[in-house]
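Structural description and commentary
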Amino acid sequence: MKNALKKIDSRNGLISVPKLGIALLLFTVALSCKDYSETEEASMEMTETAKEVDVTSSSAAVENKNSERKFVRTADAKFKVKNVAQSTYAIENATTKFGGFVIYTNLQSNVSEKFDTKISQDSTLETTRYKVENNITIRVPNTQLDTVIKTIAKQIDFLDYRVIKADDVSLQMLSNQLAQNRSKNYENRLEKAIDEKGRKLKEINPSEENLNNQKEINDNKKLENLALNDKVNFSTISLYIYQPETTRQEMVVNNADISAYRPHIGIQIVDGLKTGWYILEAIIGFIVQLWSLILLGFIAFIVYKKYLKKQVSKAI
């Protein structure tokens, strides 16, 4: 009966009920796998994004345009990169791109170990272990600080630390401004008093000195506010980047051993005889230079033998 139904269904161009159920089941499983794969990828992307945000973002680095407060923002970071030179160029380019400038960079290689391995009579393997690092200090517009930090974060392979500070200097700037206003008013009164007074030197000199001191105070407060404004408008980022220790090996020509330049034994014998003769000549020359002392000693010996010895014998 079943076989008959199957034949009838196949003749009518229809699919049997069991086959249709299996097809629907396979389609459902495939759709579920696809949805799970997409969900897993989205979850991984969200995790990576969260990691990046956790590492780079900070409310202290975001400029609130509606706030009347003035913040001096600074950032310090130390992290490992895959290639210090390439990361340095990327950081410098990003700094320029966002309207900043580099004020210090010190790219260098610190050698930790260096040794030579003799491979053959004329070849030596030179091995150097070193660590490349760079200290970079950049300044960027305060409105671009968070963007620059996130751009720099793309170079991070391992983060040692990241510190972002936002110091509120609103009151300090207000205090400087008020002090500047007071100083300016005092200057004006001094100038007016000097103009109204007589032109006696004894009266003018102290007043002029006070006026100059007050102008100096006013200028100092103005310069302090200008410096604070500069720090507010341009944030400072100090970076220390490094890469894993690198080993460099280079085959170099082996310098000839000094023993290769030693003379033949025959030449050494001849040189030895010459040296001995030179020493003998020096001794003879030294003795000849003492001829006067030798002569005096010889005369003294003769006198002693002939005269003094006889007198000693008679006395005995």
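Residues numbered from 1 in each chain as written. Predicted model: local features only at pLDDT ≥ 70, side-chain atom pairs only at ≥ 80, totals over all residues. Heavy atoms only, no water.

So, the overall build of the protein chain
For the record, the criterion: Segments assigned H or I by DSSP are reported as helices when at least four residues long, segments assigned E as strands when at least two residues long, and all are numbered from the N terminus. Relative accessibility decides the category of a residue: with a 1.4 Å probe and only protein chains considered, values under 20% of the type maximum give buried, values over 50% give exposed, and everything between is partly exposed. Between two residues, a contact is recorded if the distance between any of their heavy atoms is within 4.5 Å. Per-residue and other accessible areas follow the Shrake-Rupley method at a 1.4 Å probe size, with only the shown protein chains counted as cover for residues.
The helix and strand tally for the protein chain stands at 8 helices and 6 strands. Its helices and strands in sequence order give the protein chain the pattern α-α-β-α-β-β-α-β-α-α-β-β-α-α, from N to C terminus. Evaluated residue by residue, the protein chain yields a buried proportion of 22% over its 316 residues. The long-range share in the protein chain, meaning contacts at least 24 apart out of those at least 6 apart in sequence, stands at 82%. Surface accessibility of the protein chain: about 23500 Å² in total, with carbon and sulfur atoms responsible for 58%.

A word on the confidence of the model for the protein chain
What counts is decided by this rule: Each residue carries a pLDDT score, the predictor's own confidence in it, on a scale running from 0 to 100.
Mean pLDDT for the protein chain: 75, with 64% of residues reaching 70 or above. Within the protein chain, no element has a lower average pLDDT than helix H1 (residues 2-11), which sits at 42, and none a higher one than strand E5 (residues 234-242), at 95. Segment residues 1-17 is flagged for pLDDT under 50; beyond a separation of four residues in sequence, or across chains, it makes 3 contacts in the model. Below pLDDT 50 for its whole length, residues 46-53 participates in 2 contacts with residues either more than four positions away or in separate chains.

Quick notes on the pairing of E5
The condition that has to hold: For two strands to pair, DSSP has to find at least two bridges joining them.
Note that strand E1 (residues 71-80) and E5 share 7 bridges and pair parallel. Bridge pairing in E5 links Ala77 to Leu239. The pairing of strand E3 (residues 123-141) with E5 spans 9 bridges and is classified as antiparallel. Across the sheet, residue Thr137 finds its bridge partner in E5, namely Ser238.

With respect to the nonpolar core
Side chains of a nonpolar character, in soluble globular proteins, are inclined to be buried together. So the rule is basically this: For our purposes a nonpolar core is just a set of buried Ala, Val, Leu, Ile, Met, Phe, Trp, Tyr and Cys residues, chained together by side-chain atoms within 4.5 Å.
In terms of nonpolar packing, the biggest core is built from 20 residues, with Phe79, Ile91, Ile138, Ile237 and Leu239 touching the most fellow members. Of all elements in the fold, only E1, helix H3 (84-97), E3, helix H4 (145-152) and E5 reach the threshold of two or more residues within this core. With 5 residues, the top contributor of residues to this core is E3. With residues near it in sequence (within four places) discarded, Phe79 still touches Ile91, Ile152, Ile156, Phe158, Leu159, Asp160, Leu239, Tyr240, Ile241 and Tyr242. Ranked by size, the runner-up nonpolar core spans 5 residues in total, among them Val72, Met173, Leu228 and Val232.

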